[in-house]
Amino acid sequence: RLMAPTAGGTAWRCLRCGTFVTHGHHGKGHHGKVQHGSGPAAAAPLLRRGRELRDELILRVFAVERFIRFVVFAAAAYGVWRFKYDRGHIQQAFNHDLPAIRELYQDLGFNFDHSKLIGLIQHSFTLDARTLTYLAIGLVLYALIELTEGVGLWLGQRWGEYFAMVATSVFLPYEVYDLTVKVTWLRVGALVINLLLVAYLVWTK
């Protein structure tokens, strides 16, 4: 798609604007600038137009969402790692502020004794160091998976598309199971985004 025979000689397609020209493929181009590339047509970069540009835009939207996930899970991993070493000080501060937290819950109309968040915080103080280490490692690995997906999708690389489809599909059963335990807008949103990404990659690629 880069060259065509014409009455005036072989016409070459400009990689910048897509125009076919019969001059300018040596020295000065039809844009008035010295051309930077040379070599066989098979080695030329792919022209992104129409559908290719739309695909690139859609994949980059998914890539941005993956980058956000990477930041969130990387921050969570760092928080767990810091908690492992500063647990004593954190627990002391939590116990010190517990009356104020209880009063805040009551002012907001929540039941403090049945709060899952408070229960989760209190349960975290009972976890041993090995469990916290495994949790931090798991969060790091998941964050790296999200980062790899994001980079591959942003660059529009074939390996990135395959990696994103496989990695996303692997976690879909767990996300569906998660919804059977409790339905939240965050979980529904994450599942919908992942389903859209897999469906789009399968349909278009």
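Rules behind the numbers
- Residues numbered from 1 in each chain as written.
- Predicted model: local features only at pLDDT ≥ 70, side-chain atom pairs only at ≥ 80, totals over all residues.
- Heavy atoms only, no water.
- Core = buried A, V, L, I, M, F, W, Y, C linked by side-chain atoms within 4.5 Å.
- Buried < 20%, exposed > 50% of the residue type's maximum accessible area, 1.4 Å probe, protein only.
- Helix = DSSP H or I, 4+ residues; strand = E, 2+ residues; numbered from the N terminus.
- Contact = heavy atoms within 4.5 Å.
- Pairing = 2+ DSSP bridges.
- Phe/Tyr/Trp six-rings, centres within 6.5 Å; stacked < 30°, edge-to-face > 60°.
- Lys NZ or Arg CZ within 6 Å of the ring centre and 35° of its normal.

> Which residues make up the nonpolar core, and what are the values?
Grouped together as the largest cluster of nonpolar side chains are eight residues: Leu59, Phe62, Ala63, Leu153, Ala164, Leu197, Tyr200 and Leu201. Listing elements by their share of this core, those giving two or more residues are helix H1 (51–108) and helix H5 (185–204). Not counting the four nearest positions on each side in its chain, leucine 59 is found in contact with Leu153, Glu161, Tyr200, Leu201 and Lys205. Counting residues in hydrophobic clusters, the runner-up holds seven residues, among them Ala77, Phe125, Leu132 and Ala136.

> Quick one: what's the story with the sheet that holds strand E2 (residues 9–13), residue by residue and with numbers?
Here three strands make up an open sheet; going across it, the order is E1-E2-E3 and the pairing antiparallel. Two strands bound the open sheet, and with one partner strand each, they are strand E1 (3–6) and strand E3 (20–21). Inspection of the sheet shows E2 paired to E3 by two bridges, in the antiparallel sense. For arginine 13, the partnering residue across the bridge sits in E3 and is phenylalanine 20.

> Give a description of the environment of threonine 22 that names residues and reports values.
Residue placement: threonine 22 occurs in the loop between E3 and H1. Judged by its relative accessible area of 38%, threonine 22 is partly exposed. Sequence separation between threonine 22 and glycine 9 is 13 residues; the distance between their C-alpha atoms is 6.2 Å.

> Any details on the packing of aromatic side chains? Residues and values, ideally.
On inspection of all chains with the given rule, the structure shows two aromatic pairs. Residues phenylalanine 73 and tyrosine 142 carry aromatic rings whose centres are separated by 4.6 Å and whose planes lie at 65 degrees to one another, so their mutual orientation is edge-to-face. A residue pair is termed long-range when its members are at least 10 positions apart, and phenylalanine 73 in helix H1 and tyrosine 142 in helix H3 (residues 129–155) qualify at 69 residues. On the basis of relative accessible area, phenylalanine 73 is assigned to the partly exposed category, the value being 26%. In this structure, arginine 60 is placed above the aromatic ring of tryptophan 154, and the distance from its NZ or CZ to the ring centre is 4.3 Å.

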